[in-house]
Amino acid sequence: MVAIKDGLALILLLLFFGLLFAALNARPGTKAITDGALLLDLKGSIVEQPEEPAAFAALSGQQVARQFRLRDVLRAIEAARTDARVKVVVLDLDGFGGAYPAALGELADALVHVRQSGKPVLAYATAYTDGSYRLAAAASEVWMNPLGGTLFAGPGGTQLYYKGLIDKLGVNAHVYRVGRYKSFVEPYTRADQSPDARAASEALYGSLLEQWREGVARARPKAQVGPFLANPQQAVLATNGDVGQANLRAGLVDKLGDRTAFGQRIAEIAGVQSGKAIGSFRTIGYDAFLGAHPMPTSGDAIGVLTVAGDIVDGEAGPGSAAGDTIAKAMLDGLATKNLKALVLRVDSPGGSVLASERIRLAVLEAKKRGLPVVVSMGGLAASGGYWVSTTGDAIFAEPATITGSIGIFGIVPTFENTLAKIGVTTDGVRSTPLTGQPDVLGGTSPELDAILQAGIENGYRQFIGRVAAARKMTTARVDEIGQGRVWDGGTARQIGLVDRFGSLNDAVADAARRAKLDPAKVQTVYLEKEPSWAAKLAQSLSSQDDDGTAPAGDAFARIAADRRAVLARALGDVARLTSGGSVQARCLECGGLGPSAASVGDGRLLDLLIARLGL
């Protein structure tokens, strides 16, 4: 009887959650769309491929920052331009978590097209970051809280270096590398940035800053951003510390007002939401609107294989570019989707060379079957991300895409000095020069060091050889522009690493033409695993079709967030040092240019540490 009772309770519980999931999952696609304001409440970051949220995080009350898929946000903005039900597009940027510069440029251009069609675009934030202002500048009206204020930081900043700590702990970081600019290993071998790495970073960040400035100027000519970049204290002191007034005088914003005033302004255009508090307006939710504008499903199939996130060995979910997972998606797509061409969409700082090669070989299977292959670089396609890009018949990128970083490295930490500090030593009998190697307790042998360094150099020769063959260059030329140096997309095109500027849609159209198809009559088929039911449930529970607003944040709140990000990144660096399982092709400079200074994984590691310590 007890077993029957427990079984029935379990069945009822499963039915309850199944019905809840079905109801919530159907919500975005079936909810009626009425006239109003399309609300893009971007509480979270914009990425190429969102990670799957924890299934019951929302039910437990945990605050989960959403990751918005870039192509979905672009589709919503483009649909708003022609959908008569959308009277105004509203950007709520208080909780915006950022995006790579290339993604911001695409989104800003799409918003400008909406504005040029005659529809207003209104933006609001307590204080804008560099990234959120890149979007807000595309709006026809930029609003800001009177108690807020916007200052621009520009790309760059400090990087953590662990050499001093490693020496104090007695850790011996054995580094094997090729590439004078391959700076990813420097935090473990130096206490500061090398002159070569500094020169390369200055060139990269300078180019990205100039592109940001030009983008803002095109979208909002009256915005005087120069003084706020070159001499911000003078602009602020001229208004006795009132940053909002300084922004208003410089044409950075149009109106200073709170959310109620902003809502009333939207209601003038979109209509008042009856039965709601003052400042409410008729709203079209993002998820419902996206569901009402699905991707085309007719026409010849152009496959899109996404390589997003760190390239890692084995299998993993969305947001990580796991070699086995992506290779399987590619091979399954070739077997079942009747593809006519392939677009490789890359948005990755690199990672495992072994996994990068696994992905490259899988894509080459498409070429063996006669399919044209076009590479579309997103915000980031560096190091291992460029390794997989060598498969393309053509490479598309944006001017602000971060790419290159052609170089590889490996790190093996050993702890013989650490043990010696507490009086522990090692000894034993070795039958060959490689017995017990690599010995993390007793140190590596000269023979192993020589072998590992030779292997890294051989891997680099393979890397530049593949680039040379793909880009029709000599290996000497690739070596010259390689050496681990990171380039912006504009410079990468000039030196031959990129063929053309263009978006994912441009790459799909080019792939269709190469397959002798009409680009207007094809459909894109994304070769990726469908989200699990638990992930869909979590996504539904965190739907943006509610009336919630993002927490406001001033400069002091941003400082607090930065402190947390620094600690999370430090923990993540320690984990990467001790767990790196293969030769790496990874980009250091890319980390501070994207959605967050610390990755989602680093943030989870910090949360776990805080929970363990009871803080």
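Residue positions are given per chain, counting from 1 as you read along its sequence in written order. Local features are withheld for residues below a pLDDT of 70 in this predicted model, meaning they are given only at 70 or higher, and side-chain atom pairs are given and counted only at 80 or more; totals for whole chains, interfaces and linings count all residues. Water and hydrogen atoms play no part in the side-chain values, which are based on all heavy atoms of the structure.

1. A closer look at the packing of aromatic side chains
Then comes step 1: In summary, the pairing rule links any two rings of Phe, Tyr or Trp, Trp by its six-membered ring, whose centres are within 6.5 Å, and it sorts them by plane angle into stacked for under 30 degrees, edge-to-face for over 60 and tilted for everything else. Applying the stated rule across the entire model yields nine aromatic pairs.
Then comes step 2: Ring plane angle 55° and centroid distance 5.3 Å describe the contact between tyrosine 133 and phenylalanine 152, whose orientation is recorded as tilted. Of this pair, tyrosine 133 sits in helix 4 (residues 130-136) while phenylalanine 152 sits in the loop between strand 6 (141-144) and helix 5 (163-169), and the two are 19 residues apart along the sequence. Each member of the pair tyrosine 133 and phenylalanine 152 is classed as buried.
Then comes step 3: Cluster of aromatic residues (ring-pair linked, three or more members): Tyr128, Tyr133, Phe152 and Trp212.
Then comes step 4: The ring of tyrosine 526 carries arginine 71 above its face, with NZ or CZ at 3.5 Å from the centroid.
Then comes step 5: In this analysis the charged atom, NZ for Lys or CZ for Arg, is taken to sit over a ring once it is within 6 Å of the ring centre and within 35 degrees of the ring normal. Across from the ring centre of phenylalanine 501, 4.7 Å away, lies the NZ or CZ of arginine 493, which sits over that ring. Think of it this way: any DSSP run of H or I at least four residues long counts as a helix, any run of E at least two long counts as a strand, and we number them from the N terminus. When accessible area is computed with a 1.4 Å probe and restricted to protein chains, residues below 20% of their type maximum are described as buried, those above 50% as exposed, and intermediate ones as partly exposed.

2. Quick notes on the confidence of the model for the protein chain
Then comes step 1: This prediction gives the protein chain a mean pLDDT of 87; 81% of its residues lie at or above 70.
Then comes step 2: Every residue gets a pLDDT, meaning the predictor's confidence in that residue, from 0 to 100. In what follows, residue pairs with any heavy atoms lying within 4.5 Å of each other are defined as contacts. Per-residue pLDDT stays below 50 along residues 26-30; that stretch engages in seven contacts with residues further than four places along the chain or on separate chains.
Then comes step 3: Across residues 544-550, where pLDDT falls below 50, the model places 21 contacts with residues more than four positions away in sequence or in other chains.

3. Examining the packing of helix 13 (residues 323-336) against helix 14 (residues 353-368)
Then comes step 1: Contact geometry of helix 13 with helix 14 gives a least axis separation of 8 Å together with a crossing angle of 5°. Between helix 13 and helix 14, the crossing angle belongs to the class labelled roughly parallel. Across the interface between the two elements, Gly323, Asp324, Ile326, Ala327, Met330, Leu331 and Leu334 of helix 13 pack against Ala355, Arg358, Ile359, Ala362, Val363, Glu365 and Ala366 of helix 14.
Then comes step 2: Lys, Arg, Asp and Glu make up the charged group, whereas Ala, Val, Leu, Ile, Met, Phe, Trp, Tyr, Cys and Pro make up the nonpolar group; the residues left over, Gly among them, are polar. Taken together, the residues of the contact of helix 13 with helix 14 break down into 10 nonpolar, one polar and three charged. Geometry is summarised by axes, namely lines fitted to C-alpha atoms with helices restricted to the contacting stretch, and by angles between N-to-C directions that run from 0 to 180 degrees. Should an angle fall under 35 degrees it is taken as roughly parallel, and over 145 as roughly antiparallel, whereas 65 to 115 is taken as roughly perpendicular and any remaining angle as oblique.

4. Considering the sheet that holds strand 1 (residues 36-41)
Then comes step 1: A strand pair is defined by DSSP finding two or more bridges across the two strands. Across the sheet, six strands lie side by side as 8-6-5-4-1-9; this open sheet has parallel pairing. Looking along the sheet, the strands with just one partner apiece sit at the ends: strand 8 (255-256) and strand 9 (283-284).
Then comes step 2: Bridge analysis of strand 1 against strand 4 (residues 86-92) gives six bridges, and the strand direction is parallel. Considered in strand 4, the bridge of glycine 36 is made with valine 86.
Then comes step 3: On top of the sheet, helix 11 (residues 259-270) reaches strand 1, strand 4, strand 5 (121-125) and strand 6; it is set at about 160° to strand 4, its chief contact.

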